[in-house]
Amino acid sequence: MRDEYHRAALDTVAPAVYQGWKQFNLNCARCHGEDVNGTTIAPHLIVSLRPDGPINTKALFTQTVCAGRVPKGMPAWCALGMEMSTIDNIYQYVKGRSDGKIHPGRPAQKSG
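A few points on the structure. The shown structure was predicted, so the numbers you read here are calculated from the model rather than taken from an experiment.

A separate point is the layout of surface pockets. The computed volume of the largest pocket comes to approximately 470 Å³. Lining of the largest pocket is provided by 23 residues; of these, H32, A42, P43, L45 and M74 occupy positions nearest its centre. The class makeup of the residues in the lining of the largest pocket is 15 nonpolar, five polar and three charged.

At a minimum axis separation of 10 Å, helix α4 (residues 58-67) and helix α5 (residues 84-98) run at an interaxial angle of 125°. When the axes of α4 and α5 are compared, the pair comes out oblique. The crossing of α4 and α5 is right-handed. Where α4 approaches α5, its residues K58, F61, T62, V65 and C66 are matched on the opposing element by M84, I87, D88, I90 and Y91. Here the contact of α4 with α5 is composed, by residue class, of seven nonpolar, one polar and two charged.

Quick look at the pattern of salt bridges now. Tallied over the full model, the rule gives two salt bridges. Residues D88 and K58 are paired through a salt bridge, measuring 2.3 Å at the closest nitrogen-oxygen approach. With D88 in helix α5 and K58 in helix α4, this pair connects stretches of sequence that are 30 residues apart. Take K58: its relative accessible area is 39%, and that puts it in the partly exposed class. Across the pair K95 and D99 runs a salt bridge, and its minimum N-O distance is 3.1 Å.

Using the criterion set out here, one finds one disulfide in the structure. The disulfide partner of C66 is C78, and the S-S distance across this bridge is 2.0 Å. Sign of the S-S torsion, about -125° for the bond between C66 and C78, identifies this disulfide as left-handed. A residue pair is termed long-range when its members are at least 10 positions apart, and C66 in helix α4 and C78 in the loop between α4 and α5 qualify at twelve residues. On the basis of relative accessibility, which here comes to 25%, the residue C78 falls in the partly exposed class. Residue C28 stays outside any disulfide, its sulfur separated by 8.7 Å from that of C31, the closest cysteine. Classification of C28 as buried rests on a relative accessible area of 14%. Take C31: its relative accessible area is 27%, and that puts it in the partly exposed class.

So, about α4. Taken as a whole, α4 has its buried residues at F61, T62, T64 and V65. Buried positions in α4, seen along its axis, are confined to an arc of 165° and lie on one side of it. Set apart from the buried face of α4 by more than 90 degrees, the exposed residues are A59 and Q63. Of the surrounding elements, those touching the buried residues of α4 are α5. Following α4 by one or two positions, G68 adopts a phi angle in the positive range, close to 70°.

Parameters and conventions
Residues numbered from 1 in each chain as written. Predicted model: local features only at pLDDT ≥ 70, side-chain atom pairs only at ≥ 80, totals over all residues. Heavy atoms only, no water. 1 Å grid on protein atoms, 1.4 Å probe; cavity = no way out; pocket = protein on both sides within 12 Å on 5 of 7 lines; lining within 4 Å. Points joined across faces, edges and corners; volume = space filled by probe spheres on them. Nonpolar A, V, L, I, M, F, W, Y, C, P; charged D, E, K, R; others polar. Axes fitted to C-alpha atoms, helices over the stretch in contact; angles between N-to-C directions. Helix = DSSP H or I, 4+ residues; strand = E, 2+ residues; numbered from the N terminus. Parallel < 35°, antiparallel > 145°, perpendicular 65-115°, else oblique. Left-handed = near helix turned anticlockwise from the far one by under 90°. Contact = heavy atoms within 4.5 Å. Salt bridge = Lys/Arg side-chain N within 4 Å of Asp/Glu carboxyl O. Buried < 20%, exposed > 50% of the residue type's maximum accessible area, 1.4 Å probe, protein only. Disulfide = S-S within 2.5 Å. Arc of directions from axis to C-beta.

Below you can see the structure in the form of structure tokens.
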């Protein structure tokens, strides 16, 4: 029996995107919100990654995550050991949410 905490996945995503979802939830969600919706602590990344947003390219996203925004409380993830492949996976997940291709909640992973 399904309940509020065990909803069926609305999306099936590539393994890299699924890993991005996992890593986002481990490292980013506490500030940026469980479904990339932002909090009172950190911005709404769905808006930030839109074409008219402040982080509207993959290069800007990577630079921001890697270097952080230390004065604003965001750690420099590269200095903490986060690998570029992890940042890329997180970007794929967050960009999918921003583009409306991935719904809120836990996605399912494509087998393959």
